[in-house]
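If you want the building blocks of each chain, they are given just below.
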Amino acid sequence: MLEDGAQKDIIDDKMGMGKGAIYENLIASMFARLGKSLYYYADGDRLEVDFVVRINGTITGVEVKSGRGKANSLKVAMSENERIAGIKLTSGNIGSLDGITTYPLYMAMFL
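Because the structure is predicted, anything quoted here is derived from the model rather than measured.

Peer 1: Tell me about the packing of aromatic side chains, and please be specific about residues and values.
Peer 2: One pass over the full model with this rule turns up 1 aromatic pair. With a centroid separation of 5.7 Å and 80 degrees between ring planes, the pair formed by Phe31 and Phe51 is classed as edge-to-face. Placement of the pair is Phe31 in helix α2 (residues 18–33) and Phe51 in strand β2 (residues 47–55), with a sequence separation of 20 residues. What makes Phe31 buried here is its relative accessible area of 0%.

As structure tokens, this is what we get:
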């Protein structure tokens, strides 16, 4: 649904800010095919969590980052409600920091 030439920009890694939106759409597609109900959370201009889904019965906030960005909104949401788990999907490796588990983007299909 992007303009002409977008395919070449994706292949040449010249998407810039648009890359994040494409990754979010890919993750949404993966989650939908897994039968997950997709929700988005926003609290005005203060918080924004890309997806809120149930993973193994647990309410989980999922942030999608095109690079290795921080998940500050997810951290705040988790601190305000201890029942929320946190996952960050990035171009990086598996890890954990501040209660948020990080996975490579392609592993979304296994969540």
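Peer 1: Mind laying out the side chain of Asp50, listing which residues take part and the relevant values?
Peer 2: Mapped onto the fold, Asp50 is located in strand β2. Lacking a salt bridge, the buried Asp50 has Lys65 as its closest oppositely charged neighbour, with an N-O distance of 5.6 Å. For Asp50, the side chain forms a polar contact with the main-chain nitrogen of Val64, separated by 2.8 Å. Aside from chain neighbours lying at most four places away, what touches Asp50 is Glu24, Tyr39, Tyr40, Val62, Glu63 and Val64.

Criteria and cut-off values
The residue numbers shown here count from 1 along each chain, following its written sequence. Thresholds applied to this predicted model are a pLDDT of at least 70 for local features of residues and 80 or more for the giving and counting of side-chain atom pairs; totals over whole chains, interfaces and linings are not thresholded and use all residues. Neither water nor hydrogens contribute to the side-chain values; these are computed over all heavy atoms in the structure. Working definition: a ring pair exists when centres of Phe, Tyr or Trp rings (six-membered ring for Trp) sit within 6.5 Å. Plane angles under 30 degrees give stacked, over 60 give edge-to-face, the rest tilted. Secondary structure is summarised from DSSP: a helix means a run of H or I of at least four residues, a strand means a run of E of at least two, and numbering begins at the N terminus for each. Classification of residues uses two cut-offs on accessible area relative to the type maximum, computed with a 1.4 Å probe and protein chains only: under 20% is buried, over 50% is exposed, and between them is partly exposed. For the charge count, each Lys or Arg is scored as positive and each Asp or Glu as negative, with His and the chain ends excluded. The salt bridge definition used is simple: a Lys or Arg side-chain nitrogen within 4 Å of an Asp or Glu carboxyl oxygen. Polar contact is the term for a pair of N or O atoms within 3.5 Å; when the atoms are in protein, one must be able to donate a hydrogen and the other to accept it, and sequence-neighboring residues count only if both atoms are side-chain atoms. Contacts between residues were defined by any pair of non-hydrogen atoms, one from each residue, lying within 4.5 Å.

Without other data, these values stay purely geometric and don't point to any function.
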